[in-house]
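Descriptive analysis of the structure
The primary structure of each chain is shown beneath.
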Amino acid sequence: MLLAGSLMLAGCTSAPEPTASPSPTASPSPSATSTAPPTETSEPAPAPVPEPVTCDTVLTPEATSALAEQGLELREGTTPGYPLAEQFAAAGGTACTWSVRQSDIFFTVVQLPVADGEHDAWARVLAENGYTPTDDPVPGAHTGPVEPGTGIAPIAIVETTRITFMSAPAHATDLAPAP
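Each chain has its residues counted from 1, following the order in which its sequence is written. This being a predicted model, a pLDDT of at least 70 is required before a residue's local features are given, and a value of 80 or more before pairs of side-chain atoms are given or counted; all residues contribute to the totals for chains, interfaces and linings. To obtain the side-chain values, all non-hydrogen atoms of the structure were used and water was disregarded.

Moving on: the sheet that holds strand β5 (residues 141-143). If you trace the seven strands from one edge of the open sheet to the other, you get β1-β2-β3-β7-β6-β5-β4, paired in antiparallel fashion. Where the open sheet ends on each side, the last strands, each with one partner, are β1 (73-76) and β4 (132-133). Pairing between strand β2 (residues 94-99) and strand β3 (residues 106-113): six bridges, direction antiparallel. In the strand pairing of β3, S99 is matched with F106. In what follows, residue pairs with any heavy atoms lying within 4.5 Å of each other are defined as contacts. Only the stretch in contact is used when a helix axis is fitted, and all axes are lines through C-alpha atoms; the angle between N-to-C directions ranges over 0 to 180 degrees. Where helices and strands are cited, they refer to DSSP runs of H or I of at least four residues and of E of at least two residues respectively, numbered from the N terminus. Of the strands in this sheet, β2, β3, β6 (155-158) and β7 (162-166) are in contact with helix α4 (residues 83-90), which crosses β7 at around 140°. Across the sheet, helix α5 (residues 119-128) lies against β3, β5, β6 and β7, angled at about 165° from β6, the strand it touches most. We treat two strands as partners when DSSP finds at least two bridges between them.

This paragraph deals with the pairing of β2. Note on exposure labels: buried denotes an accessible area under 20% of the residue type's maximum, exposed denotes more than 50%, and partly exposed covers the range between, all computed with a 1.4 Å probe on protein chains only. The buried count for β2 comes to six of six residues, which makes it a mostly enclosed element. Neither face of β2 is exposed, since T94, C96 and W98 on one face and A95, T97 and S99 on the opposite face are all buried. Bridging between β1 and β2 involves four bridges; their strand directions are antiparallel. When the bridges of β2 are listed, E76 appears paired with C96. Once β2 ends, the chain turns through six residues before running back antiparallel as β3, passing Q102 with a positive phi of about 55°.

Here it is as structure tokens:
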């Protein structure tokens, strides 16, 4: 009995219950806050990482639907005969080609994220491939040389965070907005 009573008492005294009393907070005087230097340095919050672009997200949903209605099917990872598109894909860009089976009808888009400090290097690559700034049909567009097989001059659209190759400039407004 003595042992049972000791155990019961030990259970009652082992951990005090917390009280709901508010903890006092000190508020600094206005003069102390305006003249005191900050005591800790805070690092900026990391920028949110955008979702990676895919062939399903590179164009607007309406544009993707319109391509499907015209009989164009997606073939990811291809860049049929476009040296600049091949360079973008080799640098880690997302390469997408929509085509009509058993025909020579296709549309190619390659989008590459561009980090700060890389714009000058990519401007040189554009110039080396014969692309010149025209802002036609959209701001940031660089028009390339006319392709002999199609008679169409592809474009590259340079933006702050990305650069996009498009084999048909008529689809420039179909590009999904940058995140």
